Amino acid sequence: MNPVSIPGLIARPHTGSDLRLGAVLARTAAYTSHAVTYEADGLTISGIMNIPEGEGPFPALVLAHGYIDPAVYTTGRGLAREQDLLAREGYVVLHTDYRNHAGSDDDPDNDVNLRLGYTEDVIGAALALRDSGRPEIDGDRIGLLGRSMGGGVVYNTLVVAPGLFDAAVVFAPVSSRPAENIDHFQRPGGDPIVAEIEAAHGTPASNPVFWREVSPLTYVDRVTEPLLIHHGTADDTCPLAWSERTTTEFEAAGKDVRLIKYPGEGHTFGPQWPTSMHRTVSFFATHLR
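As a starting point, this report considers the structure included with it.

What counts and how
- Residues numbered from 1 in each chain as written.
- Predicted model: local features only at pLDDT ≥ 70, side-chain atom pairs only at ≥ 80, totals over all residues.
- Heavy atoms only, no water.
- Core = buried A, V, L, I, M, F, W, Y, C linked by side-chain atoms within 4.5 Å.
- Buried < 20%, exposed > 50% of the residue type's maximum accessible area, 1.4 Å probe, protein only.
- Contact = heavy atoms within 4.5 Å.
- Helix = DSSP H or I, 4+ residues; strand = E, 2+ residues; numbered from the N terminus.
- Pairing = 2+ DSSP bridges.
- Axes fitted to C-alpha atoms, helices over the stretch in contact; angles between N-to-C directions.
- Parallel < 35°, antiparallel > 145°, perpendicular 65-115°, else oblique.
- Left-handed = near helix turned anticlockwise from the far one by under 90°.
- Nonpolar A, V, L, I, M, F, W, Y, C, P; charged D, E, K, R; others polar.
- Salt bridge = Lys/Arg side-chain N within 4 Å of Asp/Glu carboxyl O.
- Arc of directions from axis to C-beta.
- Phe/Tyr/Trp six-rings, centres within 6.5 Å; stacked < 30°, edge-to-face > 60°.

### Describing the nonpolar core
Now for step 1: Met49, Leu129 and Leu227 are the most contacted members of the largest nonpolar core, which has 62 residues in total.
Now for step 2: Contact partners of Leu227, with chain neighbours within four places excluded, come to Tyr155, Leu158, Ala168, Val170, Phe250, Asp256, Val257, Arg258 and Phe283.

### With respect to the pairing of strand β3 (residues 43–52)
Now for step 1: For β3, the buried fraction is high: 9 of the 10 residues fall into the buried class.
Now for step 2: Pairing analysis gives 10 bridges linking strand β2 (residues 31–40) to β3, with the strands arranged antiparallel. In the sheet register, Thr37 faces β3, and the bridge partner there is Ser46.
Now for step 3: Connecting the antiparallel pair β2 and β3 is a turn made up of 2 residues, with Asp41 showing a positive phi of about 50°.
Now for step 4: The sheet contact formed by β3 and strand β5 (residues 92–96) spans 4 bridges and is antiparallel. From the neighbouring strand, Ile48 faces β5, where its bridge partner is His95.

### Side note on the packing of helix α2 (residues 80–88) against helix α9 (residues 273–288)
Now for step 1: Where α2 meets α9, the axes come as close as 11 Å, and the angle between the chain directions of the two elements is 45°. Of the possible angle classes, the one that applies to α2 and α9 is oblique. As for how α2 packs across α9, the hand of that crossing is right-handed. Across from Arg81, Glu82, Leu85 and Leu86 in α2, the residues of α9 making contact are Trp273, Met277 and Val281.
Now for step 2: Here the residues of the contact of α2 with α9 are counted per class, giving 5 nonpolar, no polar and 2 charged.

### Considering the pattern of salt bridges
Now for step 1: Applying the stated rule across the entire model yields 13 salt bridges.
Now for step 2: For the salt bridge of Asp183 with Arg187, the shortest nitrogen-to-oxygen distance reads 2.8 Å.
Now for step 3: For Asp183, a relative accessible area of 42% puts it in the partly exposed group.
Now for step 4: Owing to a relative accessible area of 37%, Arg187 belongs among the partly exposed residues under this scheme.
Now for step 5: One network of salt bridges, with partners in common, ties together Arg12, Arg99, Asp107, Glu120 and Asp121.

### Structural notes on unusual backbone geometry
Now for step 1: In this structure, Pro57 follows Gly56 across a cis peptide bond, with omega equal to 0°.
Now for step 2: Looking at the secondary structure, you find Pro57 in the loop between β3 and β4 (58–64).
Now for step 3: Residues other than glycine seldom take positive phi values, yet Asp41 does so here, at roughly 50°.
Now for step 4: When you line up the elements, Asp41 lands in the loop between β2 and β3.

### Concerning helix α5 (residues 178–186)
Now for step 1: Taken residue by residue, α5 has Pro178, Ala179, Asn181, Ile182 and Gln186 as its buried positions. The buried side chains of α5 occupy one side of the element, clustering within an arc of 160° when seen end-on.

### Section: the packing of aromatic side chains
Now for step 1: Taken as a whole and assessed by the stated rule, the structure comprises 8 aromatic pairs.
Now for step 2: Taken together, a centroid distance of 4.3 Å and an interplanar angle of 15° make the contact between Tyr98 and Tyr118 stacked. With Tyr98 in the loop between β5 and α3 (117–131) and Tyr118 in helix α3, this residue pair connects regions lying 20 residues apart in the sequence. Tyr118 carries the same exposure label as Tyr98, and that label is buried.
Now for step 3: On the numbers, 5.4 Å between centres and 80° between planes, the contact of Phe171 with Phe269 is edge-to-face. Pair noted here: Phe171 is in strand β7 (residues 167–171) and Phe269 is in the loop between β9 (257–262) and α9, with a separation of 98 residues, a long-range link.
Now for step 4: A relative accessible area of 2% means that Phe171 is categorised as buried.
Now for step 5: Since its relative accessible area comes to 2%, Phe269 is described here as buried.
Now for step 6: The rings of Tyr91, Phe283 and Phe284 are connected pair by pair, giving a single aromatic cluster.

Shown next, in the form of structure tokens:
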């Protein structure tokens, strides 16, 4: 079995533990924001965690951010609006930085291996929340939210670790076919990683088995959690057609999926972001409360 594949991730035992709160980064009337670290499959991963004021335990959400160049990324960057709003709604919010970002440990093979390590980091975040023993965290109620590239991480997580989360939401997600993402994002700009990927794993034409086994759509029958997808019709970064196809595949497999389209909305969500978050909060309230 190829360790760089969805089956490889499924077969591997995953660990997540040692959730540690560091410096207080911000205090509001609604929550306190901490720098955190946790262990995920042997690596130390950094992030930010918002803990609501009041009597816990609170349900928890893991946030998986979109692509930001690790060279300029700073801890907690990428989903700042969501971190704030969801904590104000009474959720412990753990925003993972992923490996190779901010204060996290390095994984030098991550890019060549299609960033599958980010999936391990998200699984580890949920396991660390469950294992923390902290009285403010309800480890039996955990949701997952991802944006753009993080949406692809969510898809992987749902097929690799069914039952770990209670519900998932994605915003403007990438394609659920990694080869399509490479063709769309990396190849046109001459990203040198593409040549390294194809040297290590072959092309879709020369090694179709590999490329089929790194797509979560190949294993969509494993999904057990409800999924909500938000996507704008004017998204010129991640085409709406990607989410339409993913939704069709989930539906064909009999899964609980809903795609909401936002007319005229772009990739980053502007005017309709409040509406999308109201729907997100309602969705999590239904499945985590």
